[in-house]
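As a plain string of letters, each chain reads:
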Amino acid sequence: MKTCQTALFTLMLIGTIPLALRAQTSSEYANILAEYFSDDGPGATAIVTKGDEVLYRGAIGKANLELDVDMRPDHIFRIGSITKQFTAVAILMLQEQGKLMVDDPITRFLPDYPTDGTTITIEHLLTHTSGIQSYTDIHGWMATETRNDLTLEELIAVFRDLPMNFKPGEEWRYNNSGYILLGAIIEAASGMSYADFMQQKVFDPLGMHSTAYDEQGRIIPNRIPGYMPGPDGPRNADYLSMTLPHAAGALISNVDDLAVWNRSLHAGKLVSKETLAAAFKPFNLNDGSDSGYGYGWQINKVGPALSYEHGGGIHGFLTEGIYVPGHDVYVAVLSNCNCNPPGNAAIRMAALATGHSYEIREISIDPQVLEEYVGVYDIEDSEDMRVITVEDGTVYSKRGSGPRQPTVPVGKDKFMYPASFTSLEFVRDDKGAVIGQLVTPRSGRSGYAAKTEEEIVTRESVDVAPDILARYPGDYELMPGFILTIALEDGALVGTATGQGSVTMSAASETTFFAENIGAEVEFVVNDAGECEMLILRQGGQRIEGKRVK
């Protein structure tokens, strides 16, 4: 989430970064952007810098669909959770001033906050390891409460008395509530509002004239509207009171200012390099395991190179920022629709700038060899199993109740998931038999799964009478603006979510239907009169209720 306050200006040159494009690669970056965004739909802006040089600065698509305004690189977006790195640095600034320490208990600044008999530190908030429940995960809250203006105290009251999810430091779980509390600590320690602190202590000194705490009522030159998927294409994003994201996501900015931010930060203009280093050190959980997250940044890799990254998602906008310190490469991609995730485009741009390639070169594998991979694999340190199947020459991987994902062969016993940058490699014993598999994401932290003797169980479907099926077609609102449309086609129920393709469902019972390929289950709730009033969608560990609206 993100927001802005105080004066913004239209001048949008990068200041310390000269706009010298390198012609031989500029078109390559533009081509990557064009693979993810269209010329006539909601668009995106992007910047790629290497040291003081701008390798690419461009835009694609529309900034305003209703006025048919083309996107420009200087347009201003809500940046969502990229805000968190600004909040984290503000905490480090106050630490250098002696006003707090990251190992302080939060009750030093929030004396009445209930901690369930535990010690929650500022560092726990920074690293998403506090155990406090995230208010954006409260069932139904984001669907019903986002239009309400709340004070910071009223916002904290939404979650402060909820049971903790786990003991501090025990787990890593992304948590917007933690960053709301960090905003309150910044205000208590500095004596300034969060918005004023960021403006006067960060944005103004760095010359970030297009960055601020967002306010709907202000006239902000170059600020653009956001969109979300609709049944018939993009629609205007639902209203969100910008009092709600606060220090977790209330800032607005553009790619030029984000490049200035990154350059200034690593030049030591806000905190010393020694202090800043703590933000990029993955927090170790109580059991000693690596969380992969520092203070407001995820610690990852682009190819073999270490990277500091964070994305953002907020009503109407999706964003991504990546810094590769070993190459001094920074990439920011901002999109004005929740329908177009910019993450993969940003990763590929960062890879291009660092000389790495994520392009998949498919090879052919003997069908008999493919059959050797088929089976059920027990994932280490997890209750989930991974099921490998082969269909029409394609190897499919399915973890637990998740979707079935296709893979592409790229080497001996090695496959890639084309929708991500994750590899799947099968392990053989000394006799050449497949005994396990390694799944390796970009971070390089491989997870092992041993092949078992279990048989693959396929969920069986049952026949449901046509008059029962006829109860269910209609539109079900899973959240404002996000509709699951159920239709009856050729004797089967077909589900189509807003902005997505159609999925045919099989019946597990008269009221429960499933789509094995995407790991989704729908349960229809029928009243005593035999009328369906709502459905429950279960997918990816989530349970979402959808009221029938048509």
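One can find the structure itself at the top, above this paragraph.
Throughout what follows, the structure given in this document is the object of discussion. All residue numbers refer to position in the chain's written sequence, counted from 1. Totals for whole chains, interfaces and linings use every residue, but because this is a predicted model, local features are given only for residues with pLDDT of at least 70 and side-chain atom pairs only at 80 or more, for both listing and counting. Hydrogens and water molecules were not included; the side-chain quantities draw on all heavy atoms of the structure.

**Structural notes on the nonpolar core**
Reasoning step 1: In this text, buried Ala, Val, Leu, Ile, Met, Phe, Trp, Tyr and Cys residues form a nonpolar core when linked through side-chain atoms within 4.5 Å. Only protein chains enter the area calculation, which uses a 1.4 Å probe; residues under 20% of their type maximum are buried, those over 50% are exposed, and those in between are partly exposed. In this structure, Phe86 and Trp261 are the most contacted members of the largest nonpolar core, which totals 81 residues.
Reasoning step 2: Counting residues in hydrophobic clusters, the runner-up holds 26 residues, among them Tyr29, Phe37, Val331 and Ala350.

**Some thoughts on the sheet that holds strand S5 (residues 77–78)**
Reasoning step 1: Strand pairing requires that DSSP identify at least two bridges connecting the strands. Each helix is a run of H or I in the DSSP string that is no shorter than four residues. Each strand is a run of E no shorter than two, and both are numbered from the N terminus. Taken in spatial order, the 3 strands make up an open sheet running S5-S9-S6, and their pairing is antiparallel. For this open sheet the edge positions go to S5 and strand S6 (212–213), each flanked by a neighbour on one side alone.
Reasoning step 2: As paired elements, S5 and strand S9 (residues 251–253) share 2 bridges and run antiparallel to each other. Within S9, the position partnered with Arg78 by the bridge is Ile252.

**Looking at the pattern of salt bridges**
Reasoning step 1: Each salt bridge in this description consists of a side-chain nitrogen of Lys or Arg and a carboxyl oxygen of Asp or Glu lying within 4 Å of one another. Using the criterion set out here, one finds 27 salt bridges in the structure.
Reasoning step 2: Measuring nitrogen to oxygen at the nearest pair gives 3.0 Å for the salt bridge that ties Arg72 to Asp74.
Reasoning step 3: Given the relative accessible area of 13%, Asp74 is considered buried.
Reasoning step 4: Taking the shortest distance from any N to any O, the salt bridge between Glu171 and Arg173 comes out at 3.2 Å.
Reasoning step 5: Classification of Arg173 as partly exposed rests on a relative accessible area of 36%.

**Structural notes on the state of the cysteines**
Reasoning step 1: By convention in this document, the label disulfide applies to cysteine sulfur atom pairs within 2.5 Å. Scanning the model with the defined rule gives 1 disulfide in all.
Reasoning step 2: Between the sulfur atoms of Cys337 and its disulfide mate Cys339 the distance is 2.2 Å. Between Cys337 and Cys339 the disulfide shows an S-S torsion of about 130 degrees. By sign, it is right-handed.
Reasoning step 3: Taking relative accessible area as the criterion, Cys337 reaches 0% and is therefore assigned buried.

**Section: the environment of Tyr308**
Reasoning step 1: Positionally, Tyr308 belongs in strand S11 (residues 305–314).
Reasoning step 2: Since its relative accessible area comes to 11%, Tyr308 is described here as buried.
Reasoning step 3: Between the C-alpha atom of Tyr308 and that of Asp39, which follows or precedes it by 269 residues, the distance is 30 Å.
Reasoning step 4: Ignoring any residue separated from it by four or fewer positions in sequence, one finds Tyr308 in contact with His266, Phe280, Trp297, Gln298, Ile299, Gly321, Ile322, Tyr323 and Pro325. Two residues qualify as a contact provided that any one of their heavy atoms is within 4.5 Å of a heavy atom in the partner residue.

The analysis is restricted to geometry; functional conclusions fall outside its scope.
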